[in-house]
Protein chains: 2
Amino acid sequence: MKNKTMYAVLGVLSLLGPMSGYDIKKFCDKSISYFWNENFGHLYPVLARLEADGLIERDTEAEDSRKKNYKITPKGVEVLKDWLTLPVEYQPERSELLLKLSFGTKMELEATLSMLEAARERNELKYKQLSSIHSYYLGNEEAKSKPQYPYWLVTLRYGINSLEASLKWFGETMEFLRSYESK
Amino acid sequence: MKNKTMYAVLGVLSLLGPMSGYDIKKFCDKSISYFWNENFGHLYPVLARLEADGLIERDTEAEDSRKKNYKITPKGVEVLKDWLTLPVEYQPERSELLLKLSFGTKMELEATLSMLEAARERNELKYKQLSSIHSYYLGNEEAKSKPQYPYWLVTLRYGINSLEASLKWFGETMEFLRSYESK
DNA sequence: CTAGTCATGTAACTCGTTACATGATTAG
DNA sequence: CTAATCATGTAACGAGTTACATGACTAG
């Protein structure tokens, strides 16, 4: 479980050019929060360390007084590329929803169902948000002209695809549990 | 991000009866690793604390010499049930695969594709494993007679359903990226 | 003038991982 | 006899979260 925040920072800076810590956080929240999240408490120390290690540096041009804009260095690019070619690390699964559900016999059916319903609604909301971004992308020539376009499109589709599958499961599962009980 | 290991322990003990730390770990690895994982370094201290707090206690009956068997106490059951009715906590997403993929322009297409292929193969293997457990369940009368049966079935289906969706996405995505490049 | 947002940071903390240590038992 | 597995633990560490502090600027 190595520090992945640093690679996220390097990647974002290499894709979008000089940015401040605050901007990086905003970008995460706004554009990639469905698959990546950062918080200030971790981000700022990582930025300091990346600068100390010479992987990023202050961008003196276009100084916005109170912002600390960083740009990636050639050394930073190298480190990023090395990481990109490494296989994706195995991440042990931990789903609180499924854990609770597997203890279903220890709670009331109604409680289980309302837990599922709450989770389903959250997913449905996310699904709608991602879908609307998706259709925006498909109809926007400027977005399409960017080199990142195909990659952003497929990540988006991953999110949409997963949510779609989960919504289907929620429906089937709630139906199944209700009918199983009433036998 | 409260300590969820303790609830996992309480739940497992309440479902399966007295067990040792070693057995709990084995159960996680064998039966629920597709949605929950534990490791000894965390598990043993948590067991000690749960005992100190009176949520579990040593089971003196059927002592297996070198095993420390724990059973859940009434207080432990209460704590478990309180937690079960709480809504599932929001878990910020962090997918290394999608992060890397979103930086796709910074690497060779071939490297991206082989990263995807490796991930796809892992998922396919898991998919086959879960599917075989699923069909075993459906044909096993003893499993069906247990009160947990409907809950274990639906968690299993969650795993299968997600993997199925991801496999579909992997196929489409690799195809899309290849054809996008060659234009 | 005041509330909110912009922007950067630090300190304390908790969770979970990794690596190591130990001793007992069992299989070949 | 030896290697593997059973079984329990500890120490050190690192990642990431939460809460707090600070100051500047901005909209009503």
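This is a predicted model, so every value here is computed, not measured.

Draft legend 1. Examining the protein's contact with DNA strand C more closely. As a structural note, the neighbourhood of DNA strand C is formed by 18 residues, with Tyr22, Lys68 and Arg94 of chain A together with Asn39 and His42 of chain B the closest of them. Sugar and phosphate atoms represent 71% of those atoms of DNA strand C found within 4 Å of the protein. Measuring from a phosphate oxygen of DNA strand C, one finds a side-chain N or O atom of Lys68 of chain A at 2.5 Å. The separation between a phosphate oxygen of DNA strand C and a polar side-chain atom of Arg94 of chain A is 2.3 Å. Broken down by secondary-structure element, the contributors of at least two residues to the surface near DNA strand C are α2 (21-32) and α3 (40-52) of chain A together with α3 (40-52) of chain B. Here the residues of the surface near DNA strand C are counted per class, giving five nonpolar, eight polar and five charged.

Draft legend 2. View of the protein's contact with DNA strand D. Taken together, 19 residues form the shell around DNA strand D, and within it Asn39 of chain A together with Tyr22, Lys67, Lys68 and Arg94 of chain B come nearest. At the protein interface, 71% of the atoms of DNA strand D within 4 Å belong to sugar or phosphate. Interatomic distance of 3.0 Å between a side-chain N/O atom of Tyr44 of chain B and a phosphate oxygen of DNA strand D. Those elements that provide at least two residues to the surface near DNA strand D are α3 of chain A together with α2 (21-32) and α3 of chain B.

Draft legend 3. Molecular detail of the interface of chain A and chain B. The partner chain B presents 64 residues to the 64 residues of chain A that form the contact. Both sides of the chain A and chain B interface together cover about 6,500 Å² of buried area, and 68% of this is carbon and sulfur. It is Val88, Arg94 and Tyr151 of chain A that lose the most area in chain A upon contact with chain B, and together they represent 12% of the buried surface on that side. The interface formed by chain A and chain B includes four salt bridges. Across the pair Arg94 of chain A and Glu38 of chain B runs a salt bridge, and its minimum N-O distance is 2.6 Å. For the side of chain A that touches chain B, the secondary structure elements donating two or more residues are α1 (5-16), α4 (74-85), α5 (96-102), α6 (109-138) and α8 (149-181) of chain A. Residue contributions to the side of chain A that touches chain B peak at 18 residues, all from α8 of chain A. Split into classes, the residues belonging to the side of chain A that touches chain B amount to 36 nonpolar, 15 polar and 13 charged.

The rules we used
Residues numbered from 1 in each chain as written. Chains lettered and ligands numbered in written order. Predicted model: local features only at pLDDT ≥ 70, side-chain atom pairs only at ≥ 80, totals over all residues. Heavy atoms only, no water. Near = heavy atom within 4 Å. Polar contact = N/O pair within 3.5 Å; in protein donor to acceptor, adjacent residues only side chain to side chain. Helix = DSSP H or I, 4+ residues; strand = E, 2+ residues; numbered from the N terminus. Nonpolar A, V, L, I, M, F, W, Y, C, P; charged D, E, K, R; others polar. Contact = heavy atoms within 4.5 Å. Buried area = accessible area lost by both parts, 1.4 Å probe. Salt bridge = Lys/Arg side-chain N within 4 Å of Asp/Glu carboxyl O.

Honestly, it's all geometry; don't read function into it.
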